[in-house]
Amino acid sequence: MDDFNNMNHNTGNGSGSQPGGSRPDYYQPNDSKTYYTSPTQEENTTYHYAYSQSNQQAEQNQSYQPNDSGYHYSQATGGSEPVKPPKKSNAAKIIIIVLVICLVAAAVGIGVAIASSTTANNDSAQSTTQSQSADDAAKTQQSGEVALTDSDNNYTVAGVANKVLDSCVGITVYSQQSDAYNYFYGYGQDNNSSSEPTQSGEGSGVLMAEQDGKTYILTCAHVISDGDSFTVTLNDGTEEEAQMVGYDAQTDIGVLSINKTGLQIAEFADSDNLVVGEQVVAIGCPGGLEFMNSLTSGHISALARPISSSIGYDTDCIQIDAAINPGNSGGALFNMQGQVIGINSSKIAATEYEGMGFAVPSSTAIATANSLIKVGYVEGRAKLGITYNQLTNFNNAEAVIQALAQQGFEDAEGVMVIDSVDEESDLADKDIRQYDMIVAVNGETMTSTDVMTSVLSDSKPGDTIKLTIARIENNNIRTFEVDCVLIESKG
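Residues numbered from 1 in each chain as written. Predicted model: local features only at pLDDT ≥ 70, side-chain atom pairs only at ≥ 80, totals over all residues. Heavy atoms only, no water.

With that settled, consider the overall build of the chain. When its secondary structure is counted, the chain shows 8 helices and 20 strands. The buried share among the 491 residues of the chain stands at 37%. Just so you have it, the chain exposes about 27,700 Å², and 47% of that area is on carbon and sulfur atoms. (Helix = DSSP H or I, 4+ residues; strand = E, 2+ residues; numbered from the N terminus. Buried < 20%, exposed > 50% of the residue type's maximum accessible area, 1.4 Å probe, protein only. Areas by Shrake-Rupley, 256 points an atom, 1.4 Å probe, with all protein chains shown as cover.)

To continue, consider the pattern of salt bridges. Enumeration over the complete set of coordinates arrives at 13 salt bridges. Between Glu240 and Lys260 there is a salt bridge, and its shortest N-O distance comes to 3.4 Å. Of this pair, Glu240 sits in strand β5 (residues 239–248) while Lys260 sits in the loop between β6 (253–258) and β7 (279–284), placing them 20 residues apart in sequence. Judged by its relative accessible area of 17%, Glu240 falls in the buried class. Between Glu473 and Arg471 there is a salt bridge whose closest N-O contact spans 3.9 Å. In this structure Glu473 comes out as partly exposed when scored by relative accessible area, which is 29%. (Salt bridge = Lys/Arg side-chain N within 4 Å of Asp/Glu carboxyl O.)

Bringing the side chain of Ser362 into the picture now. Of note, Ser362 is situated in helix α6 (residues 362–375). Here Ser271 takes part through its backbone nitrogen, which lies 3.4 Å from a polar atom of the side chain of Ser362. Beyond its immediate sequence surroundings of up to four residues, Ser362 is in contact with Phe268, Ala269, Asp270, Ser271, Val340, Ile341 and Gly342. (Polar contact = N/O pair within 3.5 Å; in protein donor to acceptor, adjacent residues only side chain to side chain. Contact = heavy atoms within 4.5 Å.)

Turning our attention to the sheet that holds β6. Strand order in this closed barrel of 6 strands is β1-β2-β3-β6-β5-β4, and the pairing throughout is antiparallel. If you compare each strand with its neighbour and ignore which way they point, the axes differ by 40° on average. Where strand β3 (residues 214–219) meets β6, 5 bridges bridge the pair, whose relative direction is antiparallel. In the strand pairing of β6, Thr215 is matched with Ile258. The sheet strands contacting α6 are β2 (198–211), β3, β5 and β6, and the helix crosses β6 at an angle near 50°. (Pairing = 2+ DSSP bridges. Axes fitted to C-alpha atoms, helices over the stretch in contact; angles between N-to-C directions.)

Okay, the pairing of β5 next. As paired elements, strand β4 (residues 229–233) and β5 share 4 bridges and run antiparallel to each other. Residue pairing across strands places Thr233 opposite Glu239, the latter belonging to β5. Counting the residues between successive antiparallel strands, the hairpin from β4 to β5 contains 5 residues, one of them, Gly237, with a positive phi of roughly 95°. Counting the residues in the hairpin turn of β5 and β6 gives 4 residues, including Asp252, whose phi is positive at 60°.

What follows covers a negative patch on the surface. A cluster of acidic side chains, namely Glu398, Glu410, Asp411 and Glu413, defines a negative patch on the protein surface. Its location among the elements puts Glu410 in the loop between α7 (397–406) and β15 (416–421). (Patch = residues over 30% accessible without salt bridge, like charges linked within 9 Å, V, L, I, M, F, W, Y side chains within 5 Å. Lys, Arg positive; Asp, Glu negative; His and termini not counted. Charge placed at Lys NZ, Arg CZ, Asp CG, Glu CD.)

Moving on, we come to the environment of Asp458. Among the structural elements, Asp458 can be located in the loop between α8 (450–457) and β18 (464–473). Asp458 sits 76 residues away from Ala382 along the chain, and the two C-alpha atoms are 8.7 Å apart.

Moving on, we come to α7. By the burial criterion, the buried members of α7 are Ala397, Ala399, Val400, Ile401, Ala403 and Leu404. Where α7 is buried, its residues meet β16 (437–441), β18 and β19 (476–485). Trailing α7 by a residue or two, Gly408 shows a phi angle of about 100°, which is positive.

Another point: the pairing of β6. Extensive coverage of β6 is indicated by the burial of 6 of its 6 residues. Where burial is concerned, the two faces of β6 agree: the one with Ile253, Val255 and Ser257 and the one with Gly254, Leu256 and Ile258 are both buried. As paired strands, β5 and β6 are joined by 6 bridges and run antiparallel to one another. Within β6, the position partnered with Tyr247 by the bridge is Gly254.

In terms of nonpolar packing, the biggest core is built from 35 residues, with Ile217, Leu218, Val232, Leu256, Phe334 and Ile343 touching the most fellow members. Apart from the residues lying within four places of it in its own chain, the contact partners of Phe334 are Val160, Val164, Cys168, Gln279, Val280, Val281, Ile283, Gln339, Val340 and Ile341. (Core = buried A, V, L, I, M, F, W, Y, C linked by side-chain atoms within 4.5 Å.)

Attention shifts here to the confidence of the model for the chain. Per-residue pLDDT for the chain averages 76, and the proportion of residues at 70 or more is 63%. Averaged pLDDT values for the elements of the chain fall to 42 in helix α1 (residues 53–61) and rise to 97 in β3. Across residues 25–88, confidence stays below pLDDT 50; counting only partners more than four residues off in sequence or on other chains, it has 74 contacts. Ignoring residues within four places in sequence, the model shows residues 180–188, a span with pLDDT below 50, making 5 contacts including any to other chains. (pLDDT = per-residue confidence, 0-100.)

Attention now goes to α8. Residues spaced three or four apart along an α-helix face the same direction, because each turn holds 3.6 residues. Those residues of α8 lying buried are Val451, Met452, Thr453, Val455 and Leu456. Where α8 is buried, its residues contact β13 (382–383), β15, β16, β17 (444–445) and β18.

Below, the structure is given as structure tokens:
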């Protein structure tokens, strides 16, 4: 065990009493990781061919006239040969023939034109009728009522929106910013003399209850946890100043209140009765209040998905394929009866994937919110009553993990190194020292801190758990067990 002799150490920044005992020299914490859109018709001109008397006399003076059928003799010749009866001029025949042809052609053309015009007019009338029908259909579609319920008397998506939008709100968060200029030139005067609060975030919420002249707004803890003041924007655009009631980081649920009543309070359903494949509607402010009360629809993809929070606790969430984006956090997830079944959280969404959103079940959200309203914290939540650092934050932690493996505690990377013990903790009266290590709980090796948080989330204040403690003495690691009665966590 000589590997432990030259290890650096660091105590961390824990609060509370420090257990007795010397400080081993192998702990040195590294930097802790911090989480956080009509064709024109030619005129029927008739050409009249007439012969004048002068023209007829000229013909009689001619001795002969050639034509297509031979010669005929005029009376002027006085010949003894029989005279053929005079014939009409071939030119006249030609003209008459041409005239007849023209008249026939004109008649045919007029008939065709009339037929074409009639057809065109019919086509035009049909087209106009069709166009008018399409327009009428469009008008009907635009001005007609959209079905709000289906044959099973469930709401349609439009029906859900019609029912619940007035229960959905936007939240603007303001934070007090330190006036660094005043602080510097004021030679260190109180930092509280700061500038006006500035907008630091936006999120979503849902009206959950009305009591004692106040309306309570359910949202996500990470939306409001860093805020100093808040404005709630109702669906009609009205803005109301809001006050912090409380928040719980473990479930990511927070509550605000406004001094106004008579609003449309949302109806909540029991999330324990949900089924995979059920259609859902999410409403919130993706990207902020610019897109306030935007609606997305999808289905439940899975239930009871354990999603880890930034403080190590797992929350069993509803997995959905409806789009959840930053700004949606705190908005409500509705079933097709228009009831709230969850609170959407972008913080715990799998941002590296598409089509995977998560919501805190309504049963969890309501229980947490009611407790926050009642006492300011989540009642009935158990804790050990210690502050600690994770073993992996120390230099040469690998050597300690290997030594623990030799004693049967394989992959003990979630070991908790105790920094301090609260006075009200059951461990305060027991032989627990600073730098003692919790290597197992109820016989399960601390492969991650989730092992402890899982046990605590399943326990109540007053329950007893068994801790396996490891202590380094004289370059050796000694282990022993301690029973610990859990106390109530008050935030």
